[in-house]
Structures are given as structure tokens and as C-alpha cells.
Amino acid sequence: MKPEEKILILDFGSQYTQLIARRVRELGVYSELLPYDVNPQLIRDFSPNGIILSGGPETVTLVHSPQIPAIVFDLNIPILGVCYGMQALANQLGGSVVASSEREFGHAQLMIAADSYLLADLDETAQLNVWMSHGDKVLQLPPGFVGTASSENTPYAAMENKTRHIYGVQFHPEVTHSEKGTEILSRFIHQVCGCSDEWNSEHIIEEKIKQLKTQLGSDRVILGLSGGVDSSVVAALLHRAVGNQLICVFVDNGLLRLGESDQVVETFVNHFGIKVIRAEAQDLFLDRLKGITDPEQKRKIIGQTFIEVFEQQAAKLEGIRWLAQGTIYPDVIESAGSGTGKAHVIKSHHNVGGLPEHMAMKLVEPLRELFKDEVRKIGLELGLTHKLLYRHPFPGPGLGVRILGEVTQQFADMLRIADDIFMQELHQFGWYEKVSQAFVVFLPVKSVGVMGDARRHDYVLALRAVETQDFMTARWAHLPYELLERVSNRIINEVAGVSRVVYDVSSKPPATVEWE
Ligand code: XMP
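Each chain carries its own residue numbering, running from 1 in the direction its sequence is written. pLDDT decides what is reported in this predicted model: residues at 70 or higher carry local features, side-chain atom pairs at 80 or more are listed and counted, and totals for whole chains, interfaces and linings draw on all residues regardless. Here the side-chain values reflect all heavy atoms present in the structure, with hydrogen atoms and water set aside.

**Structural notes on the side chain of Ser 499**
Inspection of the secondary structure puts Ser 499 in strand E18 (residues 498-503). We classify Ser 499 as buried; its relative accessible area is 10%. For this analysis, a polar contact is any N or O atom pair within 3.5 Å, provided that within protein one partner can donate a hydrogen and the other can accept it, and provided that sequence-adjacent residues contribute only side-chain to side-chain pairs. Only 3.0 Å separates the side chain of Ser 499 from the backbone oxygen of Ser 447, close enough to count as a polar contact. Not counting the four nearest positions on each side in its chain, Ser 499 is found in contact with Ser 447, Val 448, Gly 449, Arg 456, Asp 458, Tyr 459 and Ile 492. A run of H or I in DSSP becomes a helix once it reaches four residues, and a run of E becomes a strand once it reaches two; helices and strands are each numbered from the N terminus. A 1.4 Å probe rolled over the protein chains alone gives each residue an accessible area, and that area as a share of the maximum for its type sets the label: buried under 20%, exposed over 50%, partly exposed in between. Here, residues are in contact when the closest pair of their heavy atoms is within 4.5 Å.

As C-alpha cells, then:
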């Protein structure tokens, strides 16, 4: 069941398309993404109050450029074209677009012209610093349109047809570098499309609980709880909806962070009163990993063993009809190709390694339409702690990808203590939330050190800390020397068997975040 009021984002392939959808939701209106060439019936069925056409990498000046489908105009609802979206509007409605010799990329000064409905709340003489990213530009407006802003390289940086409620902006209002960008989007979805702002955490929780109660009735549901953000929020939400019908299985694979297993029990069992089966499978995982050094094989073993242990636990329970998963909206968009929702994806990597078919359970995915920031907000509202919800991401195979070469109990124990020291000091120096992810890597090489008068050969640990928006690219974090010095001293003094600590100064690409 979707909310009454919604905005559709038609995706022409811009790197910012998801950001538009997130901004619209932050402004209190539900939004979804569909590819521009989706079956038009899906656009009609979505029944949007307004449509935003995203930017995209193509040029409208070619014969086969992506077109706005006719249904968009037939629906007779407000339209906002952003960047490529504006050029496509101009092109298809009878204006002209040319390839510009001056590519405009980055900051630009926007000069607002008089008499704009979309930009009405802004001072008419205002100059706004906005974010541009385009090669083509609109040279001639379509009939019935007026130009409402310009920039140094573009006579028409914004245009509108107030009567038909069709608007175009050449810049990216969704990007935080665009001054007044949020106000412009808000004006479109609230004033132009007439949407209210109902889409907020309380409303989402209320709706989800209603839906879950109807969907599950008195059936029992099982959830693989990893202690990460998504599965934790699913647990809290399901518990609120169906109480003791929820049973969680938490698999301790021996590759978790220091104290993590106890923390999960403390939070979910002691605090929330949720039923959690704790599968102590540390020995089984370590046993299967004995002698294995190939990274892919290690991943495979960890994944398969997880499924096996999870299944064994589930088999002991009677009458479980549903398997809950923490799939979130970006997983759906990424696996289905721009959110067509065609593929009913299952997170394949780790938390729940896929639905074993013979278990014959139905899937319930209560976070399927939500972005990560929305998941965190409802998590807070449901009583999960800020610490849990804003913890750095931790890979499914856990320390298995951070111990290079063979995984042993001894290496895992050393790494856990060292990693905990690094986290403590990041918090202490106020850097934990400034970096996107930080951890320690165990290197199975011995290097010389000296302790007292004696030389010794002991292991090397590497510290890794990165800053990133999306984990596709990342910059190594410029941590203060004092922090690095403190962490290094503490690790060498407190973790037996370590002679040397190094700091990884590689960015992604070409390096990846994890070392594997
Ligand atoms: P890489 O190493 O590919 O990592 O640059 C990018 C991000 O993905 C995380 N990562 C994983 N997360 N299961 C996960 O849930 C995995 O198997 C996995 N492998 C890598 C990594 O920690 C980083 O945040």
C-alpha cells in the first residue's frame, strides 16, 4: 500500500537521481524512481501528483536520445525537468537545444529573472550559487514558456509554462551545493503539486505496522539478525507489529567485533524483550576455514556455513510461515535496474544468504521502499540507539575479509582487540563520525621489532580509515598524527604478538576499501 500523495522521478541516468528521490522524501512526500523507458502503464498506475525528470549523461541533440514518454504529458500533472530533463522538455515541446562549446560543470551564478512561479519565493534580483553539470543548453524556448533565470553560459538556466505547470531548471536543486535548492524542490512538490508533508518517521511506522499486522496475521516470522542497521530496524519494527510472533536467529560466526555478540543480546533480548536464538557457531566456522587462504573461497565458506546454521535453527521451529529481510530501496534499485521492481531481490551477500527453497517460506521486507537515512530515522523512533544506527558499516563475512590469508582463532582475537582500540581512540579524538568507515587489518607477515634488549619477529597490523559518499569511490582519511601515534602505541603495547602498525594511504580506486 503506497501513500496517497507521491512524486514520481523518471530516471534518465544521472548520478543524482536517487538524491532527488531522497530530497523529496525529506521534504515529506513519498517518491519513487522509474526508468524513463518503463512500460507507460506503470507510470499511470503509480498515480503521481507530479513528475520530476532527472538529469542524465546523454545529449538531446542526437536522433536516438532518450525521450520523455507521451504518458508524462497525457497525465496533465505538474512536471519539473532537471538538467537533461529540462533539455528534453525544451526539445520535445518545440524549443531548441544545442551542444555548447562551454561545458558548465560545478558552481555557477544563477541570475533570477522576474516573474517566476517556481522561483517565486526568491528575491527577483537574487543571484544564486548553484551546481551545474551539462554540455548542451536550451537556445530557444518552446512556445508558451518564459525564461526565468540565466547563467553566464546559459541564456535559459530555468524556464516555465505556468499555465500547464511545466518547469525546467538547468542546475541541480537536489545537490547540497545548490543554494536554495531545497526551497525550489519544496515549492514544486508543495505549492505546485499541492502535496502535504505526511511522509515522516511516525507516519511511516504507523503505516508499516498496520500493513505488517494485515500481512502476517497470527503467523510466525523468522529474521536473521546481524546487529547491523537494517536487520536491527526490521527486528524492532516487526516486534512492535506482531510481538512474540517474531523469532530472531543471531549467528555468532566467530568473526564479529569485540563484544558484538553480547551487545546484540543486551539490546534485543534484555532491552526489547525480543526472542533471539543465539547460534554459537564460532568453532564450526573456524574449523571450515582452516587452511583456506583464497579470499573468494573464504567468502563462499562463510556464506554457505551461515545458511546452513540458519536453516538448522529454523528447522527446529514449528510453523514459521515468513522470512523477514532487511532489503532497502537502494538494494531494489540497484538489482532491478533503476527501480523497476521487476526482480524481487534477496540480499545475496551475507546477513541472510538467500531463501532456502525447501523452507517454503514467504518473504516479508518491511524496509523495501526506504532509503538508509529513513531507516535510521525510524530506528531512532523505535528506540534503537544512535550508536547502533550510526555505526560504521561492517561486511557480512566480518573479520574473515580483514584477516588476510588463513583465519585462525588467535588472529581473530588479536584483530578484535586492536580494532576496538582504534574505535575507542577515534571516538576519543572526535573522529569516529567524521570518517565513513575505519578498521584494522591483520597481515599474516612477521616483521622485526625490538622489545627491551631483545629483537622479536611479530605480526603487522594495518589501520584503514576512509571518507566516502557511496563507497564506490573513497579517499583515505587524513587522521591527525597524534591519533595515529596513540593508536599505534596502544596496539603494540596491548596486543601481544604485534610488532608494527602501518596506516593505509590508498584511495579507492584503485585500491578497494577492504584489503581481503
Ligand atoms: P570494497 O572493499 O569493495 O568495499 O571497496 C566497499 C564497501 O562494501 C563493504 N563490503 C561488504 N559489505 N558484505 C557486506 O555487507 C560483503 O561481503 C562486503 N564486502 C565489502 C566494505 O566494508 C565497504 O564498506
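Having seen it, we continue.
**Examining the sheet that holds strand E14 (residues 362-364)**
Strand order in the open sheet formed by 5 strands is E12-E11-E10-E13-E14, with parallel pairing between adjacent strands. With one partner strand each, in any of the chains shown, strand E12 (275-280) and E14 form the two edges of the open sheet. Within the sheet, the average angular offset between the axes of one strand and its neighbour, ignoring direction, is 30°. Criterion used throughout: strands pair if DSSP finds at least two bridges between them. Across 4 bridges, the pairing between strand E10 (residues 220-224) and strand E11 (residues 246-252) is parallel. Pairing of Val 221 across the sheet is with Leu 246, part of E11. Axis geometry follows a simple rule: fit a line to the C-alpha atoms, using only the stretch in contact for helices, then measure angles between N-to-C directions, giving values from 0 to 180 degrees.

**Examining empty space enclosed by the protein**
Every definition here rests on a 1 Å grid over the protein atoms only: cavities are sets of points where a 1.4 Å probe fits but cannot get out, pockets are open sets enclosed by protein on both sides within 12 Å along at least five of seven lines, and lining residues have some atom within 4 Å of a point. Grid points are joined across faces, edges and corners, and a volume is the space filled by probe spheres set on the points. Counted under the stated rule, the structure contains 4 cavities of 30 Å³ or more. Empty space within the second largest cavity amounts to approximately 50 Å³. Along its surface, the second largest cavity is lined by Pro 3, Glu 5, Gly 28, Val 29, Tyr 30, Ser 196, Glu 198, Trp 199 and His 203. Each residue is assigned to one of three groups, with Ala, Val, Leu, Ile, Met, Phe, Trp, Tyr, Cys and Pro labelled nonpolar, Asp, Glu, Lys and Arg labelled charged, and all others, Gly among them, labelled polar. Tallied by class, residues from the lining of the second largest cavity come to 4 nonpolar, 3 polar and 2 charged.

**A few points about the packing of aromatic side chains**
Here a ring pair, both rings aromatic, is described through the centre-centre distance and the interplanar angle of the planes. To pair, rings of Phe, Tyr and Trp, with the six-membered ring standing in for Trp, must have centres within 6.5 Å; the planes then decide the type, stacked if under 30 degrees apart, edge-to-face if over 60, and tilted in the middle. Applying the stated criterion across every chain, the model contains 12 aromatic pairs. Summarising the aromatic geometry, the rings of Phe 12 and Tyr 84 are spaced 5.4 Å apart at their centres and angled 40° between planes, so their arrangement reads as tilted. With Phe 12 in the loop between strand E1 (6-11) and helix H1 (17-26) and Tyr 84 in helix H4 (residues 84-92), this residue pair connects regions lying 72 residues apart in the sequence. By relative accessible area, which is 4% here, Phe 12 ends up buried.

**Section: the pattern of salt bridges**
Think of a salt bridge as a Lys or Arg side-chain nitrogen and an Asp or Glu carboxyl oxygen that are within 4 Å of each other. The final tally for this structure, using the stated rule, is 24 salt bridges. Between Arg 486 and Glu 425 there is a salt bridge; the shortest N-O distance is 3.3 Å. With a gap of 61 residues between them, Arg 486 in helix H15 (residues 481-494) and Glu 425 in helix H14 (residues 409-428) connect regions that are remote in the sequence. Its relative accessible area of 4% is what places Glu 425 among the buried residues.

**Topic: H14**
Here H14 is 20 residues long and its end C-alpha atoms lie 29 Å apart, about the 28 Å a rise of 1.5 Å per residue gives. Along H14, the residues that are buried comprise Phe 411, Ala 412, Met 414, Leu 415, Arg 416, Ala 418, Asp 419, Ile 421, Phe 422, Met 423, Glu 425 and Leu 426. Against the buried residues of H14 lie strand E15 (437-451), strand E16 (454-467), H15 and E18. Gly 430, located one to two residues past H14, shows a positive phi value of around 75°. In this scheme, a helix's expected span is set at 1.5 Å multiplied by one less than its residue total.

**Section: the packing of H14 against H15**
When two helices pack together, their arrangement is captured by the angle between the axes and the distance separating the axes. Relative orientation of the contacting elements H14 and H15 amounts to 150°, with a least axis distance of 10 Å. The angle between H14 and H15 places the two elements in the roughly antiparallel class. Two packed elements cross with a definite hand, and for H14 against H15 that hand is right-handed. Listed contacts from H15 to Ala 418, Ile 421, Phe 422, Gln 424, Glu 425 and Leu 426 of H14 are Leu 483, Arg 486, Val 487, Arg 490, Ile 491 and Glu 494. Taken together, the residues of the contact of H14 with H15 break down into 7 nonpolar, 1 polar and 4 charged. Note on angle classes: values under 35 degrees are labelled roughly parallel, values over 145 roughly antiparallel, values of 65 to 115 roughly perpendicular, and the remainder oblique. Note: crossing handedness is left-handed where the near helix turns anticlockwise from the far helix by less than a right angle, and right-handed where it turns clockwise.

**What to know about the domain arrangement of the protein chain**
For every domain, the bounds stem from an assignment made automatically or drawn from a database. Per the domain assignment, the segments making up the protein chain are domain 1 (6-192), domain 2 (201-389) and domain 3 (408-503). For domain 1 versus domain 2, the distance between C-alpha centres works out to 38 Å. Contact with domain 1, which involves 11 residues of that partner, is made by 14 residues of domain 2. Summed over both partners, the accessible surface that disappears when two parts come together, traced with a 1.4 Å probe, is what is meant by buried area. Of the roughly 1000 Å² buried between domain 1 and domain 2, counting both surfaces, carbon and sulfur atoms make up 50%. Among the residues of domain 1 in contact with domain 2, Gln 18, Arg 25 and Leu 33 are the three that bury the most area, contributing 48% of the side total. Seen at the junction of domain 1 and domain 2, the total is 2 salt bridges.

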